[in-house]
Amino acid sequence: DVKVTQSSRYLVKRTGEKVFLECVQDMDHENMFWYRQDPGLGLRLIYFSYDVKMKEKGDIPEGYSVSREKKERFSLILESASTNQTSMYLCASNRSPSSRYGYTFGSGTRLTVV
Amino acid sequence: SQQGEEDPQALSIQEGENATMNCSYKTSINNLQWYRQNSGRGLVHLILIRSNEREKHSGRLRVTLDTSKKSSSLLITASRAADTASYFCATDASSSASKIIFGSGTRLSIRP
């Protein structure tokens with residue numbers, strides 16, 4: 001069964017901490033994405049990557065960075081966590097934008113910054 | 001920026017009834033997708049319809065696309081309790097097909 005795995009389901013971090021959210025896919029997909037989901041705002045794209053070492057900003061990249069050193073792994077980094085980054089974070093991957101299979105999502109990481 | 005907007009925001013129907021959700025978007029697209037999200041989980045891809053298609057079926061799901069009105073609808077027939085979830089439409093932009101933008105979703109509740 002193809003899969004996108006996010007390393008943590010729940011995470012609690014303190015303000016100012018550096019936070020790493022890890023995402024691994026086993027489908028050999030080129031494209032990987034990080035979204036955050038907040039009530040009433042839907043999913044908002046933070047960063048995405050087309051290939052190893054490639055990254056592009058999404059709609060809300062401020063306060064975040066990403067790393068893609070291997071094709072299967074896409075990490076989201078909160079350099080200095082703040083309370084307004086409390087959210088559900090969703091990782092996704094796909095082979096191509098027009099793939100009829102769409103995106104495959106991980107189960108999400110609910111991050112609370114205190 | 002949100003490309004797709006779902007309507008209604010919430011829908012509650014009796015089990016066995018049909019559920020219809022609508023999505024409107026702003027700019028030209030290559031394709032439109034529908035996803036389901038169970039509470040607290042990731043999204044699951046349901047169906048993709050391309051801009052040159054008008055209707056698509058998958059099991060109890062029927063999706064229509066009207067590019068002249070920039071709108072799509074998702075119909076779930078003979079609803080079941082397990083259909084309770086949030087449903088999202090997602091669109092790319094024909095000028096930038098590499099990423100998709102999600103709407104804020106419709107929360108569907110099926111009453112037993």
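Before reading on, note that the structure itself is shown above.
Okay, so let's go over this structure.

**A closer look at the overall build of chain A**
Logical step 1: Each helix and strand in chain A was counted, giving zero helices and 12 strands.
Logical step 2: Counting from the amino terminus, helix and strand elements in chain A follow one another as β-β-β-β-β-β-β-β-β-β-β-β.
Logical step 3: With respect to the three principal axes, the spread of C-alpha positions in chain A is 40 × 30 × 25 Å.
Logical step 4: Sorting the 114 residues of chain A into buried and exposed places 48% on the buried side.
Logical step 5: Contacts spanning at least 24 positions in sequence make up 56% of the contacts within chain A whose residues lie at least 6 apart.
Logical step 6: Element-wise, carbon and sulfur atoms account for 50% of the exposed surface of chain A, whose accessible area totals about 5600 Å².

**So, the side chain of B:Thr106**
Residue and element names in this part refer to chain B.
Logical step 1: Topologically, Thr 106 is positioned in strand E11 (residues 106-111).
Logical step 2: A polar contact is formed between the side chain of Thr 106 and the backbone oxygen of Pro 8, at a distance of 2.5 Å.
Logical step 3: Ignoring anything within four residues of it in the chain, the contact list for Thr 106 reads Glu 6, Asp 7, Pro 8, Gln 9, Leu 11, Met 21, Ala 85, Ser 86 and Tyr 87.

**Considerations on the pattern of salt bridges**
Logical step 1: According to the stated counting rule, one finds 10 salt bridges over all chains in the structure shown.
Logical step 2: Measuring nitrogen to oxygen at the nearest pair gives 2.8 Å for the salt bridge that ties A:Arg36 to A:Asp38. Judged on exposure class, the residue A:Arg36 and its partner A:Asp38 are both buried.
Logical step 3: For B:Asp83, the salt bridge identified is with B:Arg60, shortest N-O distance 2.9 Å. Residue B:Asp83 is located in the loop between strand E8 (71-76) and strand E9 (85-93), and its partner B:Arg60 is located in the loop between strand E6 (55-58) and strand E7 (61-66); the two are separated by 23 residues in the primary sequence.
Logical step 4: The class for B:Arg60 is partly exposed, based on a relative accessible area of 23%.
Logical step 5: Here the salt bridges share partners, and the residues they tie into one network are A:Asp28, A:Glu30 and A:Lys71.

**Considering the interface of chain A and chain B**
Where interface size is quoted, it is often the accessible area lost as the parts come together.
Logical step 1: The interface of chain A with chain B comprises 24 residues on the first partner and 22 residues on the second.
Logical step 2: Interface area for chain A against chain B, summed over the two sides, is near 1900 Å², with a carbon-plus-sulfur share of 50%.
Logical step 3: Our count for the chain A to chain B interface comes out at zero salt bridges.
Logical step 4: There are seven residue pairs in polar contact (both at pLDDT 80 or more) connecting chain A and chain B.
Logical step 5: When contributions to the side of chain A that touches chain B are tallied by element, the ones reaching two or more residues are strand E5 (31-38), strand E6 (42-49) and strand E10 (87-94) of chain A.
Logical step 6: If you tally residues by element for the side of chain A that touches chain B, the top one is E6(A), at four residues.
Logical step 7: In the side of chain A that touches chain B, the residues fall into 13 nonpolar, eight polar and three charged.

**Topic: the state of the cysteines**
All names here are of chain A.
Logical step 1: Counting across every chain of the model gives two disulfides over all chains.
Logical step 2: One disulfide in the model links Cys 23 with Cys 91; its S-S distance is 1.9 Å. On the S-S bond that ties Cys 23 to Cys 91, the torsion sits near -75°, and the link is left-handed. Of this pair, Cys 23 sits in strand E4 (residues 23-25) while Cys 91 sits in strand E10, and the two are 68 residues apart along the sequence. Here the two residues Cys 23 and Cys 91 agree in accessibility, since each one is buried.

**Some words on the sheet that holds strand E1 (residues 4-7) of chain B**
All names here are of chain B.
Logical step 1: With respect to topology, five strands assemble into an open sheet ordered E1-E3-E8-E7-E6, the strand pairing being antiparallel. Both edges of this open sheet fall to E1 and E6, since each of them pairs with a single strand only. In this sheet, neighbouring strand axes are inclined to one another by 20° on average, regardless of whether the strands run parallel or antiparallel.
Logical step 2: The pairing of E6 with E7 spans four bridges and is antiparallel.

**Thoughts on the environment of A:Tyr103**
Logical step 1: Mapped onto the fold, A:Tyr103 is located in the loop between E10 and strand E11 (104-105).
Logical step 2: Residues A:Tyr103 and A:Ser49 lie 54 residues apart in sequence; the distance between their C-alpha atoms is 14 Å.
Logical step 3: Only 3.4 Å separates the side chain of A:Tyr103 from the backbone nitrogen of B:Ile100, close enough to count as a polar contact.

**Topic: the pairing of strand E3 (residues 19-25) of chain B**
Residues and elements named next belong to chain B.
Logical step 1: On E3, burial follows the alternation: Ala 19, Met 21, Cys 23 and Tyr 25 on one face are buried, whereas Thr 20, Asn 22 and Ser 24 on the facing-out side are not.
Logical step 2: In this sheet, E8 lies alongside E3 in antiparallel orientation, the contact comprising six bridges. Residue pairing for E8: Met 21 is matched across the bridge by Leu 74.

Rules used in this analysis
Residues numbered from 1 in each chain as written. Chains lettered and ligands numbered in written order. Predicted model: local features only at pLDDT ≥ 70, side-chain atom pairs only at ≥ 80, totals over all residues. Heavy atoms only, no water. Helix = DSSP H or I, 4+ residues; strand = E, 2+ residues; numbered from the N terminus. Buried < 20%, exposed > 50% of the residue type's maximum accessible area, 1.4 Å probe, protein only. Contact = heavy atoms within 4.5 Å. Areas by Shrake-Rupley, 256 points an atom, 1.4 Å probe, with all protein chains shown as cover. Polar contact = N/O pair within 3.5 Å; in protein donor to acceptor, adjacent residues only side chain to side chain. Salt bridge = Lys/Arg side-chain N within 4 Å of Asp/Glu carboxyl O. Buried area = accessible area lost by both parts, 1.4 Å probe. Nonpolar A, V, L, I, M, F, W, Y, C, P; charged D, E, K, R; others polar. Disulfide = S-S within 2.5 Å. Pairing = 2+ DSSP bridges. Axes fitted to C-alpha atoms, helices over the stretch in contact; angles between N-to-C directions.

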